[in-house]
Amino acid sequence: MVEKSLASGFWPTLYEPFRTFSTRLAEWVAPAAEASEKDGAYTIAMELPGVEEKDIDVTVDDGVVTVKGEKKTSREEKGETWYFSERQFGSFSRSFRLPADADEAGVKADLKGGVLTVSVKKKAAEAVAKAKKVAIGKG
């Protein structure tokens, strides 16, 4: 067992706020999402304004849905005496662990109005693996 003591010295506590900075930054710039369950399916809705379908990759692997993509938007305005240009570029990735009764083969994704909706059907009740009691032998 490893024990961390707050009285272990000045230097370890100095860098502590920066240790998880990259994780917090990634969460801040990641697209907003919401997950829900109804009508025999799980739904994940993710806000992706300005991201085109060709720049989005949705995969399912070992009970995890991963949405990766890249945002490439730019806006340019010109006037008689002024000029304005605004660009946003960057990649993102979000992963969601599926419940045990989710059917990985029944995943569907749709992009409409800047919102990606990923739907995952539920397995039939009898198809979900139940815990089973294991007999203990004598030797």
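**Student:** Help me get a handle on the sheet that holds strand β3 (residues 56–61), residues and values and all.
**Tutor:** Overall, antiparallel pairing links the three strands, which are arranged β3-β4-β5 in an open sheet. In this open sheet, the two edge strands, each paired with only one partner strand, are β3 and β5 (83–97). On average, adjacent strands in this sheet sit at an angle of 5° to one another, irrespective of strand direction. Relative to β5, strand β4 (residues 64–78) runs antiparallel, the two being bridged by 15 bridges. Each bridged residue has a counterpart across the sheet, and for Thr-73 the counterpart in β5 is Gln-88.

**Student:** Just give me the short version of the pairing of β4, but keep the residues and values in it.
**Tutor:** Bridge analysis of β3 against β4 gives six bridges, and the strand direction is antiparallel. Of the residues in β4, the one forming a bridge with Ile-56 is Gly-69. Turn length for the β3-β4 hairpin, with the two strands adjacent in sequence and antiparallel, is two residues, and the turn residue Asp-62 shows positive phi of about 55°. Connecting β4 to the antiparallel partner β5 that follows it, the hairpin turn spans four residues.

**Student:** Run through the sheet that holds strand β1 (residues 33–38), naming residues and quoting values.
**Tutor:** One open sheet holds the four strands; their spatial order is β1-β2-β7-β6, and the pairing between them is antiparallel. The outermost strands of the open sheet, each flanked by one partner alone, are β1 and β6 (102–112). Sheet twist, expressed as the mean angle between neighbouring strand axes with direction ignored, is 20°. Both β6 and strand β7 (residues 115–122) contribute to a ladder of seven bridges, which runs antiparallel. Within β7, the residue paired with Ala-102 across the bridge is Lys-122.

**Student:** Could you give me a rundown of the nonpolar core, with the residues and numbers involved?
**Tutor:** Leu-48, Ile-56, Val-67, Leu-116, Val-118 and Val-120 are the most contacted members of the largest nonpolar core, which has 15 residues in total. Contributions of two or more residues to this core are made by β2 (41–47), β4, β5 and β7. The residues touching Leu-48, leaving out its near neighbours within four places in the chain, are Pro-31, Ile-56, Phe-92, Gly-114 and Leu-116.

About the thresholds
Residues numbered from 1 in each chain as written. Predicted model: local features only at pLDDT ≥ 70, side-chain atom pairs only at ≥ 80, totals over all residues. Heavy atoms only, no water. Pairing = 2+ DSSP bridges. Helix = DSSP H or I, 4+ residues; strand = E, 2+ residues; numbered from the N terminus. Axes fitted to C-alpha atoms, helices over the stretch in contact; angles between N-to-C directions. Core = buried A, V, L, I, M, F, W, Y, C linked by side-chain atoms within 4.5 Å. Buried < 20%, exposed > 50% of the residue type's maximum accessible area, 1.4 Å probe, protein only. Contact = heavy atoms within 4.5 Å.

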